[in-house]
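If you want the building blocks of each chain, they are given just below.
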Amino acid sequence: MRIKILGDCYYCVSGLPISRPNHASNCVKMGLDMIEAIRAVREATGVNVDMRIGIHTGDVLCGVIGLRKWQYDVWSDDVTIANHMESGGMPGKVHITTSTLMQLDGKWDVEAGNGSTRDEYLREQGVETYFIIPKKKKLQELNENDVSMQEGGRGSMRVAKYLESWGADKPFAKITEGVTGKNAQLTSMALIESNLIQPRQYTCWNIRQWFAAEDIHPILLYFVNSDLEAEYHQQPDPLFKYYVACAAMIYLTMLLVQLFFMPRSVAFFVSYGAIALLFLLLLLLSWADTIWMTKIHSKGLSSVITDGPWLRLLIAIVTMSVVAAAAIITVVDCGELDAHLPVTNFSKFAVISDVISDEAFLVGSNATTALLPAGDTVSVCINDCYSLPYYLYCCLLALVACSVFLQVHFLLKFIIMLLVLILYNVTFLVLQLELFQQQPTSRSLLNEMSLPVQSAIYLAFFFITLHVIDRKVEYTSRLDFLWKTKFKSEREEVETMGGVNKILLENILPAHVALHFLSSNRRLDELYHQRYKSASVLFASIPNFFKEFYMQNDITRDGLECLRVLNEIIYDFDKLLLKPKFCAVEKIKTIGSTYMAASGLVPGQENSQQDSQHHVFVLLEFALSMISVLNQFNKESFNDFKLRMGMSHGEIIAGVVGAQKPQYDIWGNTVNLASRMDSHGIVGRIQVTEDTATVLTNHNFECVCRGPIAVKGRGNLITYFVKTSMDYGDLSTTKL
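What counts, and where the lines are drawn
Residues numbered from 1 in each chain as written. Predicted model: local features only at pLDDT ≥ 70, side-chain atom pairs only at ≥ 80, totals over all residues. Heavy atoms only, no water. Axes fitted to C-alpha atoms, helices over the stretch in contact; angles between N-to-C directions. Helix = DSSP H or I, 4+ residues; strand = E, 2+ residues; numbered from the N terminus. Parallel < 35°, antiparallel > 145°, perpendicular 65-115°, else oblique. Left-handed = near helix turned anticlockwise from the far one by under 90°. Contact = heavy atoms within 4.5 Å. Nonpolar A, V, L, I, M, F, W, Y, C, P; charged D, E, K, R; others polar. Core = buried A, V, L, I, M, F, W, Y, C linked by side-chain atoms within 4.5 Å. Buried < 20%, exposed > 50% of the residue type's maximum accessible area, 1.4 Å probe, protein only. Phe/Tyr/Trp six-rings, centres within 6.5 Å; stacked < 30°, edge-to-face > 60°. Lys NZ or Arg CZ within 6 Å of the ring centre and 35° of its normal. Salt bridge = Lys/Arg side-chain N within 4 Å of Asp/Glu carboxyl O. Polar contact = N/O pair within 3.5 Å; in protein donor to acceptor, adjacent residues only side chain to side chain. Pairing = 2+ DSSP bridges. Expected span 1.5 Å × (residues − 1). Arc of directions from axis to C-beta. Patch = residues over 30% accessible without salt bridge, like charges linked within 9 Å, V, L, I, M, F, W, Y side chains within 5 Å. Areas by Shrake-Rupley, 256 points an atom, 1.4 Å probe, with all protein chains shown as cover.

Section: the packing of helix 13 (residues 309–328) against helix 16 (residues 410–431)
Then step 1. Between helix 13 and helix 16, the least distance of the axes is 11 Å, while the angle of their chain directions is 15°. Judged by the inter-axis angle, helix 13 sits roughly parallel to helix 16. The two elements helix 13 and helix 16 cross, and the hand of that crossing is right-handed. On the side of helix 13, the interface is formed by L313, I317, M320, A324, A327 and I328, while helix 16 contributes L412, K413, I416, V420, L423, Y424, T427 and F428.
Then step 2. Its residues placed into classes, the contact of helix 13 with helix 16 shows 12 nonpolar, 1 polar and 1 charged.

Observations regarding the nonpolar core
Then step 1. With 47 residues, the main nonpolar core has M254, F279, A327, F405, Y424 and L459 as its most contacted residues.
Then step 2. Counting only elements with at least two residues in this core, the list comes to helix 9 (240–261), helix 10 (266–286), helix 13, helix 15 (388–403), helix 16 and helix 18 (451–508).
Then step 3. Dropping the residues within four chain positions of it, A327 is found in contact with M254, Q258, Y272, Y391, C394, C395, A398 and Y424.
Then step 4. Formed by 45 residues, the second largest nonpolar core is a distinct cluster that contains I65, V585, M647 and A693.

Re unusual backbone geometry
Apart from glycine, the bulk of residues carry a negative phi angle, and the bulk of peptide bonds sit in the trans form.
Then step 1. Residue N114 is not a glycine yet carries a positive backbone phi of 55°.
Then step 2. One can find N114 in the loop between strand 7 (109–112) and helix 4 (120–125).
Then step 3. Its relative accessible area of 46% is what places N114 among the partly exposed residues.

Section: the packing of aromatic side chains
Then step 1. Considering all chains together, one arrives at 22 aromatic pairs under this definition.
Then step 2. Measuring from ring centre to ring centre gives 5.4 Å for F545 and F549, while their planes differ by 40°; the resulting arrangement is tilted. Of this pair, F545 and F549 both sit in helix 20 (residues 543–549), 4 residues apart, which is roughly one turn of that helix.
Then step 3. Overall, the relative accessible area of 0% leaves F545 in the buried class.
Then step 4. Among the residues examined, F549 registers a relative accessible area of 23% and is labelled partly exposed.
Then step 5. An aromatic cluster of at least three residues, connected via ring pairs, comprises F545, F546, F549, Y550, F633 and F641.
Then step 6. Taking NZ or CZ as reference, K241 lies 4.7 Å from the ring centre of W287, over its face.

A word on the packing of helix 9 against helix 13
Then step 1. Running from N to C, helix 9 and helix 13 point in directions that differ by 10°, and their axes come no closer than 10 Å. As far as their axial angle goes, helix 13 and helix 9 are roughly parallel. Residues F240, A247, Y251, M254 and Q258 of helix 9 lie in contact with helix 13, whose contacting residues are R312, I315, A316, T319, V323, A326 and A327.
Then step 2. For the contact of helix 9 with helix 13, the class distribution of residues is 9 nonpolar, 2 polar and 1 charged.

A short note on the pattern of salt bridges
Then step 1. Inspection of every chain in the model, using the stated rule, returns 15 salt bridges.
Then step 2. R478 is the salt-bridge partner of E474, the closest N and O atoms lying 2.8 Å from each other. Here the residue E474 and the residue R478 both occupy positions in helix 18, the gap between them amounting to 4 residues, near one helical turn.
Then step 3. In this structure, the salt-bridge partner of D665 is K589, at a minimum N-O distance of 2.7 Å. Pair noted here: D665 is in strand 15 (residues 663–667) and K589 is in strand 12 (residues 585–591), with a separation of 76 residues, a long-range link. Across the pair, exposure class does not vary: D665 and K589 are buried alike.
Then step 4. Each of E229, E474 and R478 takes part in salt bridges that share partners, so that together they form one network.

Comments concerning the side chain of S536
Then step 1. Checked against the element boundaries, S536 lands in strand 11 (residues 529–541).
Then step 2. For S536, a relative accessible area of 0% gives the class buried.
Then step 3. At a separation of 2.6 Å, a polar atom in the side chain of S536 contacts the side chain of H615.
Then step 4. Residues within four places of S536 in sequence aside, it is in contact with A597, A598, S599, H615, V616, L619, M647, S648 and H649.

Quick notes on the sheet that holds strand 6 (residues 93–97)
Backbone hydrogen bonds hold the strands of a sheet together, and the pairing may be parallel or antiparallel.
Then step 1. If you walk across this open sheet you meet the 4 strands as 3-6-8-7, and the pairing is mixed. With one partner strand each, in any of the chains shown, strand 3 (52–55) and strand 7 form the two edges of the open sheet. Strand-to-strand twist of the sheet, defined as the mean angle between neighbouring strand axes without regard to direction, takes the value 35°.
Then step 2. The strands touched by helix 1 (residues 23–45) are strand 3, strand 6 and strand 8 (129–133); relative to strand 6, the strand with the most contacts, the crossing angle is about 160°.
Then step 3. Across the face of the sheet, helix 2 (residues 77–87) comes into contact with strand 3, strand 6 and strand 8 while running at roughly 155° to strand 3.

A look at the pairing of strand 8
Then step 1. Judged by how many residues are buried, strand 8 sits mostly within the fold: 4 of 5 residues are covered.
Then step 2. Strand direction decides the pairing type here: strand 6 and strand 8, joined by 3 bridges, are antiparallel. The partner of T97 across the bridge, within strand 8, is T129.
Then step 3. Pairing of strand 7 with strand 8, which is carried by 4 bridges, proceeds in the antiparallel orientation. Looking at strand 8, one finds that E111 is bridged to F131.

What about the environment of Y393?
Then step 1. Residue placement: Y393 occurs in helix 15.
Then step 2. Residue classification places Y393 among the partly exposed residues on the basis of a relative accessible area of 45%.
Then step 3. Along the backbone, Y393 and M254 are 139 residues apart, and their C-alpha atoms lie at a distance of 8.4 Å.

Notes on helix 10
Then step 1. Here helix 10 is 21 residues long and its end C-alpha atoms lie 30 Å apart, about the 30 Å a rise of 1.5 Å per residue gives.
Then step 2. By the burial criterion, the buried members of helix 10 are F268, S271, Y272, I275, F279, L282 and S286. Across the axial projection of helix 10, the buried residues extend over an arc of 90°, all falling on one side. Exposed residues on helix 10 whose side chains face more than 90 degrees from its buried face are V266, V270 and L277.

A short note on a nonpolar patch on the surface
Then step 1. Where nonpolar side chains cluster on the molecular surface, the patch consists of I415, L418, L419, I422, V426, L429, V430, L431, V453, I457 and Y458 and spans about 920 Å² of accessible area.
Then step 2. Every element with two or more residues in the nonpolar patch is listed here: helix 16 and helix 18.
Then step 3. For the nonpolar patch, the leading source of residues is helix 16, giving 8 residues.
Then step 4. Looking at the secondary structure, you find L431 in helix 16.
Then step 5. For L431, a relative accessible area of 61% gives the class exposed.

Printed below as a string of structure tokens:
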């Protein structure tokens, strides 16, 4: 596992996060492969580059510290030894310790490494080292490939050709701005296709579909998840006003039937008038926002009903009840009207009898004749209540009115319709049986039964049909709600993951670099890099942290408590970056107890400010704030940590490297000088190069010349200390 890249140093471990018994062997194999790879590059390009490999085996603490620019890292004394194994090694060789050699089980031949002669720390720790003797496999094949790569062309062309032959992945090559949206679209389409595209045999009579959804009870049709059930009932019903309007239309139809074909009495006008007023009130309340919104802006009248589940349920039950009662309320008024017709002779009686019979056939009323002596009268009893079929039609309409409220639970509608059905059957078969049983029946398969019995059968069949339809509507409604909820949840999850990924990406990369990789217009085969003519780099380390404070024992839980302290320090440093005045400062990485930051890394803003060196002052002020924060931390924790800082400015190159774990980093002489200013500095001081000191002095900062010092790789350099009010002690130096 690669941990990080430190300039030209590749830092990796094996055995994390899962411990592996062959971790040492894996590191040696990778080290040998890296040496062969860099040898191939050297021979192909003609550039004299090589690698030193240092390996050590031991215990480590791993994790992430700080608030910004998280990077997985490892810490321990064994990590420090591994670092010195690399610096104390030799180019082209794998340098291992005795503890690593013991894990190899004799798989490789070794020779004496003598690392203590090249590194002081290894000598102080008494570490015995060895060099791995590589097995010469495929060496001739590798050389033949190298020769073929060297055929003709300049060095740069050979490098390009060689890199193309590697086929290395580019950082964030698969990240585009529409990835999350595309994933959400594919997820939603898969969900829709798997549920909406149903076979044609799935009708309301096919009960198999009721057992298909795992989240819905197959019989009672409620959600297994109680929270989902509560959410389903609490959802608003914008179509409720249409349900009330539909029930009102059914009531109006029943009113017309009763008005034209049923007896009209005082009870009829009173009951139907009261119900009409009730429906008028319900319609006004349900449609108030639609009718009067543009006139009196009465918003909220109907929304209270739409958003209130219990109020809707109450209105629905009341509406069902009054419509069901209206269907048979006039049955009690159906009486008999005696008509006494005078008859003088038999022939006249016959005529009257024929007329009465025709009337009975036409209107379905009872007609009874009696033959009396001449001069008397024929007593004819004519029923003023026309027929049972009209009551049956009203009852069927009442059942339909109970079913129009689609969002009412089907079990509640089942109970209400069942009670209404029982009421109707009791009325027709018990209470008013004598009134209807003598009425003529139509010629049908049920003509052997009386009309009340036929009506009961029709009502029962209609009741069952409406119940099946209600169950189908309930199942479809709940399934639709379930799909919408799942889709909403998945969409929110995708959006959340997209937001988290963006935050994590911006926490790994600077904001402008993250936008570059999230853009869909970028070229996937192009490496991100940016050259800055002037930028500032700061290295701030706490030398006494690992030398004096860090310990691995039972008290510190093998160093874990010490790392908690380091995390708090880095966290406080990172919080400074949240201040607006430090928005131009970019944290690059942490290296052990060293904090690396830079300023002036925003493309297009190099020449936007009046002072092109403004980033130098911003970074210096950030360094002074770090000193102040650490001093405050020392007071609160009773510690004595001190910062050693190095700073430089100049031309640098920034870019993102690595395909598996892309990392933003900066390179150039400016970065190397800033690192040397830190490593060759003095605790409690900010050491800068001569060019940086000149810029600071021209802007009223006081710098003190330290004089020439020997800098590794650069010879003797004249450096300066920035004079601050928080300096530890005085130095006999020359002011600039």
